[in-house]
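Examination of the molecular architecture
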Amino acid sequence: MQTFFVILILAFGFLITFQIAKASEYVAVLRGEEEARKQTNRINAFLLLIFLIVGLIGVYYCNERLKGKILGEAASTQGEKIDTMLYITLAITGIVFFITQILLFWFAFKYQESDKRKAYYYPHNNKLEIIWTVIPAIALTVLVGFGIFYWFKITGEAPADAMRVEVTGSQFQWEFRYPGKDGEFGKKYFKNIDPGKNPLGQIWDDPANHDDIYSLNEPLHLVVNKPVKFIINSKDVVHDVGLAQFRMKMDAVPGTPTSYWFTPKYTTRQMIDKSGDPDFVFEISCDQMCGNGHTRMRGTIIVETQEEFDRWMAGKKPQYVVAMDAMKPATTQPTDSTKKTAPDSTKLTAQLNK
Ligand SMILES: [Cu+2]
């Protein structure tokens, strides 16, 4: 029914446009081409003025409607700087936007064709050309310069006391690795990947691997006010570790580790209090279209105090231990007979009965 109405409205719109065009053609013939052109010009000039007013009201309305719906305060110290940069850029481009749009549409209205004046021929002015090239060039260079400065900072060397986590994306999940007590990640080799025992392909001969903690299907844990460096990998296609609340974003590229570091400013609990939303969580979103399960790649982060983090970490088993346990031959028989063991036990009873 809705589709029918939409088609009907479109058809009417087409019909009306067609009729107006036809009518103005007749008017042109009746009044003479010259007069018709002048009238069209006047209508266009008036419409441009209306467009300016309606457009500016629209800009204001959109801002009012979306107020409070954009991201809240940045939750990392680096994110604050990025926000400041964004606000400066918005202020500069905003001022330029209003000035240029008002001048553009007002001039089109004010200086429309008139019998009372003749257009002034003004083909070239070097001074003006230089002014309107150099000023925007300087402004943009300063803006881009600040951007590059922060980019190098965020993707550069992390402070010595920074903790490190490894984030690996694959279709369609995030896997995390913590370096354990030695603070070192063990080496990996992709051919070692075994979904059950060695999901990241860790090389067990490397002792740095023996205390590395692997975590899947649970939130990433970070410590408040402690810099953290993300080492980002992908197992298949290009993903992207987007941390909107921390204002961080970096592609996860297979074969080429990428990284950034930041300092979380608030714990999850503080954010719950600040936002008044009891369900608040820090989120990891995949910010790169990576396949049909892309939207399922939502991870969460818990920011907590060092004590809480240590307590949580104490309950974790290194993946090395998990893998070694899995490789040990089973010492006890399973008590319940599953489908797999059933044929063996029947064979055994058959042998005993012989
Ligand atoms: Cu993805």
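Predicted model, so just to flag it, every value in this text is computed and none were measured.

Quick notes on the rules
- Residues numbered from 1 in each chain as written.
- Predicted model: local features only at pLDDT ≥ 70, side-chain atom pairs only at ≥ 80, totals over all residues.
- Heavy atoms only, no water.
- Helix = DSSP H or I, 4+ residues; strand = E, 2+ residues; numbered from the N terminus.
- Buried < 20%, exposed > 50% of the residue type's maximum accessible area, 1.4 Å probe, protein only.
- Areas by Shrake-Rupley, 256 points an atom, 1.4 Å probe, with all protein chains shown as cover.
- Lys, Arg positive; Asp, Glu negative; His and termini not counted.
- Charge placed at Lys NZ, Arg CZ, Asp CG, Glu CD.
- Phe/Tyr/Trp six-rings, centres within 6.5 Å; stacked < 30°, edge-to-face > 60°.
- Lys NZ or Arg CZ within 6 Å of the ring centre and 35° of its normal.
- Contact = heavy atoms within 4.5 Å.
- Polar contact = N/O pair within 3.5 Å; in protein donor to acceptor, adjacent residues only side chain to side chain.
- Patch = residues over 30% accessible without salt bridge, like charges linked within 9 Å, V, L, I, M, F, W, Y side chains within 5 Å.
- Salt bridge = Lys/Arg side-chain N within 4 Å of Asp/Glu carboxyl O.
- Donors = N, O, S within 2.8 Å, 3.2 Å for Na, K, Ca; no water.
- Tetrahedral: all angles 85-135°; square planar, octahedral: opposite > 155°, others 65-115°.
- 1 Å grid on protein atoms, 1.4 Å probe; cavity = no way out; pocket = protein on both sides within 12 Å on 5 of 7 lines; lining within 4 Å.
- Points joined across faces, edges and corners; volume = space filled by probe spheres on them.
- Nonpolar A, V, L, I, M, F, W, Y, C, P; charged D, E, K, R; others polar.
- Arc of directions from axis to C-beta.
- Pairing = 2+ DSSP bridges.
- Axes fitted to C-alpha atoms, helices over the stretch in contact; angles between N-to-C directions.

1. Structural notes on the overall build of the protein chain
Scanning the protein chain from terminus to terminus reveals eight helices and 10 strands. Taking the principal axes of its C-alpha atoms as reference, the protein chain extends roughly 115 × 55 × 40 Å. By residue count, 29% of the 354 residues in the protein chain fall in the buried class. By element, 65% of the accessible surface of the protein chain is carried by carbon and sulfur atoms, the whole surface being about 24200 Å². Looking at charge distribution, the protein chain has the averaged site of its 40 positive side-chain charges lying 5 Å from that of its 38 negative ones.

2. A closer look at the packing of aromatic side chains
Inspection of the entire model under this criterion finds 18 aromatic pairs. Ring geometry for Phe107 against Tyr111: centres 5.3 Å apart, planes inclined by 70°, an arrangement best described as edge-to-face. Phe107 gets classed as partly exposed once you look at its relative accessible area, which sits at 43%. A connected cluster of aromatic rings, assembled from ring pairs, spans Phe230, Phe246, Tyr260, Phe262, Phe280 and Phe282. The ring of Tyr266 has Lys274 lying over it, and the distance from NZ or CZ to the ring centre is 4.4 Å.

3. Some details on the environment of Asp287
Mapping Asp287 onto the fold places it in the loop between strand E9 (282–286) and strand E10 (298–304). Once the C-alpha coordinates of Asp287 and Ala244 are considered, the two residues, 43 residues apart in sequence, prove to be 9.8 Å apart. If sequence neighbours within four positions are ignored, Asp287 has contacts with Asp240, Gly242, Lys249 and His294. Polar side-chain contacts of Asp287 include one of 2.7 Å to the side chain of Ser285.

4. Description of a nonpolar patch on the surface
Nonpolar side chains collect at one region of the surface, where Met1, Phe4, Phe5, Leu8, Ile9, Phe12, Leu15, Ile16 and Ile20 lie side by side and expose about 980 Å² of accessible area between them. Note on placement: Phe12 falls in helix H1 (residues 2–31).

5. Describing the coordination of the copper ion
Distances from the copper ion to its protein donors, His239 (ND1), Cys286 (SG), Cys290 (SG) and Met297 (SD), fall within 2.1 to 2.5 Å. Its four donor atoms give the copper ion angles of 91 to 124° at the centre, a pattern that matches the tetrahedral case.

6. With respect to the layout of surface pockets
In this structure, the largest pocket spans a volume of roughly 390 Å³. Considering every element that reaches the lining of the largest pocket, the biggest residue donor is helix H6 (residues 306–314), with five residues. Here the residues of the lining of the largest pocket are counted per class, giving 10 nonpolar, three polar and seven charged. Roughly 250 Å³ of volume is contained in the second largest pocket. Split into classes, the residues belonging to the lining of the second largest pocket amount to six nonpolar, five polar and two charged.

7. Examining unusual backbone geometry
Negative phi values dominate among residues other than glycine, just as trans dominates among peptide bonds. For the peptide bond that leads from Gln171 to Phe172, omega is 0°, which places it in the cis range. In this structure, Phe172 sits in the loop between strand E1 (163–170) and strand E2 (173–178). Of note, Asn225 is a non-glycine position whose phi angle comes to about 60°, a positive value. You can see Asn225 is positioned in the loop between strand E4 (220–223) and strand E5 (228–234). One non-glycine residue, Arg247, lies in the positive phi region at around 60°. Structurally, Arg247 can be placed in the loop between strand E6 (239–243) and strand E7 (248–252).

8. Topic: H6
Inspection of H6 places Phe309, Trp312 and Met313 among the buried residues, and these make up the whole buried set. Projected onto a plane normal to the axis of H6, the buried residues spread over an arc of 100° and lie on a single side. Across H6 from its buried face, at more than 90 degrees, point the exposed residues Glu307, Arg311 and Ala314. Looking at the buried positions of H6, the neighbouring elements they touch are E1, E2, strand E3 (213–216), E4 and E10.

9. What about the sheet that holds E6?
Reading across the sheet, the five strands line up as E4-E10-E9-E6-E7 and stay open at both edges, with mixed pairing between neighbours. At either margin of the open sheet sits one strand with a lone partner, and together these are E4 and E7. Taken over all neighbouring pairs, the strand axes of this sheet differ in orientation by 25° on average, direction set aside. As judged from the two bridges shared by E6 and E9, these two strands associate in the antiparallel manner. The partner of Val241 across the bridge, within E9, is Cys286. Taken strand by strand, H6 contacts E4 and E10, and its axis lies near 145° from that of E4.

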